Amino acid sequence: MVTNAATLGRSGVHDFILIRASAVVLAFYTIFLVGFIACSSPVTYDVWHGLFSTLSMKVFTVLALIAVLVHAWIGIWQVLTDYVKCISLRGVLQFVFVIAAFCYLVAGILIVWGV
């Protein structure tokens, strides 16, 4: 059996499930933030800091960051596989994207846990 090192899951079914699961996490995170902003009459720095200083919000935010990474990784892999036929260019683009995505993840974790 030939496996592709560029995919995140082991097969198309795993990628499908990972995309759907990450989309659900991102939808819940977005709904929560929109609801919080709608229910908090003046959203000041103190209110925002109070929200993100709780452990549950930090964990939820890191989970959302990981979901963005998974969702984007699989999506970019699919787009590049479909539209970039030059294998070396596709490899370079995937490498650049993965480095950028992990930098965003590390920066997000440092920002969230620095509050």
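Read on for an overview of the structure. (Residues numbered from 1 in each chain as written. Predicted model: local features only at pLDDT ≥ 70, side-chain atom pairs only at ≥ 80, totals over all residues. Heavy atoms only, no water.)

### Here we look at the packing of aromatic side chains
Just so we agree on the cut-off: A pair of aromatic rings is counted whenever rings of Phe, Tyr or Trp (Trp by its six-membered ring) have centres within 6.5 Å, and the orientation is called stacked for planes under 30 degrees apart, edge-to-face for over 60 and tilted otherwise. By definition, any uninterrupted DSSP run of H or I lasting at least four residues is a helix, any uninterrupted run of E lasting at least two residues is a strand, and each is numbered from the N terminus. Note on classification: 1.4 Å probe, protein chains only; a residue is buried when its accessible area is under 20% of the maximum for its type, exposed when over 50%, partly exposed between these limits.
One pass over the full model with this rule turns up 6 aromatic pairs. Seen in terms of ring centroids, tyrosine 29 and phenylalanine 60 are 5.1 Å apart; in terms of plane orientation they differ by 75°. Their pairing is edge-to-face. Separated by 31 residues along the polypeptide, tyrosine 29 in helix H1 (residues 12-39) and phenylalanine 60 in helix H3 (residues 55-83) bring together distant segments of the chain. Since its relative accessible area comes to 23%, phenylalanine 60 is described here as partly exposed. Judged by centre distance (6.0 Å) and plane angle (90°), the ring pair of tryptophan 73 and phenylalanine 102 falls under edge-to-face.

### Remarks on H3
Rules: By this rule the span expected of a helix is its residue count minus one, scaled by 1.5 Å.
With 29 residues, H3 should reach 42 Å at 1.5 Å per residue; the first-to-last C-alpha distance of 42 Å fits that figure. Those residues of H3 not exposed but buried are Met57, Lys58, Thr61, Val62, Ala64, Ala67, Leu69, Val70, Trp73, Ile74, Trp77 and Leu80.

### What about the environment of alanine 72?
In this structure, alanine 72 sits in helix H3. Alanine 72 sits in the partly exposed class, given a relative accessible area of 27%. With 26 residues separating them in the primary sequence, alanine 72 and aspartate 46 have C-alpha atoms 32 Å apart.

### A word on the nonpolar core
Selection rule: By nonpolar core we mean a set of buried residues, namely Ala, Val, Leu, Ile, Met, Phe, Trp, Tyr and Cys, connected to one another through side-chain atoms within 4.5 Å. Should any heavy atoms of two residues lie within 4.5 Å, those residues are counted as being in contact.
Residues Tyr29, Leu33, Phe36, Leu51, Phe52, Met57 and Ala64 constitute the largest nonpolar core, which totals 7 residues. Elements that contribute at least two residues to this core include exactly H1, helix H2 (45-52) and H3. When residues no more than four places from it in sequence are discounted, the contact partners of phenylalanine 36 are Val47, Trp48 and Leu51.

### Things to note about the packing of H3 against helix H4 (residues 87-113)
Inclusion rule: Note on definitions: angles span 0 to 180 degrees between N-to-C directions of axes, and those axes are lines fitted to C-alpha atoms, for helices only across the stretch in contact. In these notes the angle categories are as follows: under 35 degrees is roughly parallel, over 145 is roughly antiparallel, 65 to 115 is roughly perpendicular, and the rest is oblique. Three classes are used, and their members are as follows: Ala, Val, Leu, Ile, Met, Phe, Trp, Tyr, Cys and Pro are nonpolar, Asp, Glu, Lys and Arg are charged, and the others, Gly among them, are polar.
In the contact formed by H3 and H4, the axes pass within 10 Å of each other and the chain directions differ by 175°. One finds that H3 runs roughly antiparallel with respect to H4. Along the lines of polarity and charge, the residues of the contact of H3 with H4 split into 20 nonpolar, 4 polar and 2 charged.

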